[in-house]
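# Reading the structure
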Amino acid sequence: MLFRLSYPKQMLAALVLASGLCAPAQAEHIRLGADVWYPFNGEPDSPRPGYMIELASAVWKQAGHTVDYQVLPWERAIDEARAGSLDCIVGTTLDEAPDFLFPDQPLGMDESYIFVLKDNDWQYTGIGSLSEIRIGVVGGYSYDDGEFDEYVASQTGAPTVQAMKGNNALDQNLQKLLSRRIDALVESPMVMHARLQQLSPRPEVRVAGRIGSVTPLYIACSPSNPMAATYVRQLNDGIVRMRMSGELANLLDLYNLRDWQMSQPLFSE
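We now turn to the structure provided with this report.

Criteria and cut-off values
Residues numbered from 1 in each chain as written. Predicted model: local features only at pLDDT ≥ 70, side-chain atom pairs only at ≥ 80, totals over all residues. Heavy atoms only, no water. Core = buried A, V, L, I, M, F, W, Y, C linked by side-chain atoms within 4.5 Å. Buried < 20%, exposed > 50% of the residue type's maximum accessible area, 1.4 Å probe, protein only. Contact = heavy atoms within 4.5 Å. Axes fitted to C-alpha atoms, helices over the stretch in contact; angles between N-to-C directions. Helix = DSSP H or I, 4+ residues; strand = E, 2+ residues; numbered from the N terminus. Parallel < 35°, antiparallel > 145°, perpendicular 65-115°, else oblique. Nonpolar A, V, L, I, M, F, W, Y, C, P; charged D, E, K, R; others polar. Polar contact = N/O pair within 3.5 Å; in protein donor to acceptor, adjacent residues only side chain to side chain. Salt bridge = Lys/Arg side-chain N within 4 Å of Asp/Glu carboxyl O. Pairing = 2+ DSSP bridges. Phe/Tyr/Trp six-rings, centres within 6.5 Å; stacked < 30°, edge-to-face > 60°. 1 Å grid on protein atoms, 1.4 Å probe; cavity = no way out; pocket = protein on both sides within 12 Å on 5 of 7 lines; lining within 4 Å. Points joined across faces, edges and corners; volume = space filled by probe spheres on them.

### Let's talk about the nonpolar core
- Among the nonpolar cores identified, the biggest contains 69 residues, and Y51, L55, W60, I114, L130 and F148 are the most heavily contacted of them.
- Setting aside residues up to four positions removed in sequence, I114 forms contacts with W122, Y124, L130, I135, A184, L185, V186, R206, V207, A208, G209 and I211.
- Counting residues in hydrophobic clusters, the runner-up holds 11 residues, among them L174, I182, L185 and L196.

Written out as structure tokens, the structure reads:
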């Protein structure tokens, strides 16, 4: 038997008001952008679009927001966020977008490795040793905010440093390395490891050196967005909550990763 509950008009009004108070105060559509840098961020339509994308989506969904993630060249992503066409960029360092708003909690840690083919005995011993090789980098990336970045800038247009741009810059650099059009490339060990795992046969490369130090990675939001401070606060609180609940560990397991607070090397020199 079905029963229909009847409420006085005053009670109905109170129920409507109460339900409104429980709803998110400001539901927003948050636009994220970056170039493909898997496993941090991958293809938007993939079941595994990158752990940073899944983490951010989970945090902001709980806050009542939706997330739209799109792939575009890195320098363009930064420019469009500054102009207001995007709300936040994914996988950035403090040095790459110092005017943006950052959460206190990083979403990962990274460092820059120099990779060469396994049969190449060249070893990085400092900036001076780079003059001996042709090295591939990604245009617009900051690698150490120091002497290596200065070297890259000083070699603009020279064959010693070849910068690839676009959504598949790593693949372009990797193909140039395999065809020996460059002698080395610079990449995140996590990104390189993930890409090599997808290739068959797996290219035989080795680490020839490291540049700079371990650097925190973030999702940072545009200073032109009036909601930016709210977004980063929600993101910061969400990371802490997910770490405490075990959700973060479960998410990283899907990518065969560990929490960056307990990171370990993927390659040995």
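### Focus: the packing of helix α5 (residues 169-178) against helix α6 (residues 189-198)
- The N-to-C vectors of α5 and α6 enclose an angle of 70°; their axes lie 12 Å apart at closest approach. In terms of orientation, α5 lies roughly perpendicular with respect to α6. Within the contact between the two elements, α5 uses L170, D171 and L174 and α6 uses V191, M192, R195 and L196.
- Looking at the contact of α5 with α6, its residues break down into 5 nonpolar, no polar and 2 charged.

### Digging into the side chain of T92
- Among the secondary structure elements, T92 is positioned in strand β3 (residues 88-92).
- Within the structure, the side chain of T92 is placed 3.5 Å from the side chain of E96, a separation counted as a polar contact.
- Setting aside residues no more than four positions away along its own chain, T92 makes contact with W74, A97, F102, P216, L217, Y218 and A220.

### Focus on the pattern of salt bridges
- Applying the stated rule across the entire model yields 10 salt bridges.
- Measuring nitrogen to oxygen at the nearest pair gives 2.8 Å for the salt bridge that ties R180 to D119. You can see R180 sitting in the loop between α5 and β7 (184-187) and its partner D119 sitting in the loop between β4 (108-117) and β5 (135-138), a full 61 residues away along the chain.
- A relative accessible area of 56% places D119 in the exposed class.
- R243 is the salt-bridge partner of D259, the closest N and O atoms lying 2.7 Å from each other. Residue D259 is located in the segment after α8 (247-253), and its partner R243 is located in helix α7 (residues 228-245); the two are separated by 16 residues in the primary sequence.

### Focus on the sheet that holds β7
- Here 8 strands make up an open sheet; going across it, the order is β2-β1-β3-β8-β4-β7-β5-β6 and the pairing mixed. Each of the sheet's edge strands pairs with one partner strand only, and the pair in question is β2 (66-71) and β6 (161-164). Each strand of the sheet is rotated relative to its neighbour by a mean of 25°, with strand direction disregarded.
- As paired elements, β4 and β7 share 3 bridges and run antiparallel to each other.

### Concerning the environment of P49
- If you trace the backbone, P49 turns up in the loop between β1 (29-34) and α2 (51-62).
- Along the sequence, P49 and Y69 sit 20 residues apart, while their C-alpha atoms lie 9.1 Å from each other.
- Those residues within four positions of P49 in sequence are excluded, and the remaining contacts are N41, G42, E43, P44, E54, Y69 and Y255.

### Some remarks on the packing of aromatic side chains
- Across all of its chains, the model carries 13 aromatic pairs by this definition.
- Seen in terms of ring centroids, Y38 and Y255 are 5.8 Å apart; in terms of plane orientation they differ by 50°. Their pairing is tilted. Taken as a pair, Y38 in the loop between β1 and α2 and Y255 in the segment after α8 lie far apart in primary sequence, 217 residues in all.
- Taking relative accessible area as the criterion, Y38 reaches 25% and is therefore assigned partly exposed.
- In this structure Y255 comes out as buried when scored by relative accessible area, which is 8%.
- Put simply, the rings of W37, Y38, F40, Y51, W74, Y141, Y143, F148, Y255 and W260 touch in pairs and so form one group of aromatic residues.

### Observations concerning the layout of surface pockets
- Volume-wise, the second largest pocket comes out at about 330 Å³.
- For the second largest pocket, the lining is made up of 20 residues, of which V36, W37, Y38, R195 and Q198 are closest to its centre.
- Of all elements in the fold, only α5 and α6 reach the threshold of two or more residues within the lining of the second largest pocket.
- Its residues placed into classes, the lining of the second largest pocket shows 9 nonpolar, 5 polar and 6 charged.

### A look at α6
- Listing the buried residues of α6 in full gives P189, M190, V191, M192, A194 and L196.
- Looking at the buried residues of α6, the elements they touch are α2, β4, α5, β7 and β8 (205-221).
- You can read the cap of α6 off the contacts: a side-chain oxygen lies 3.2 Å from the backbone nitrogen of M190, and it is on S188.

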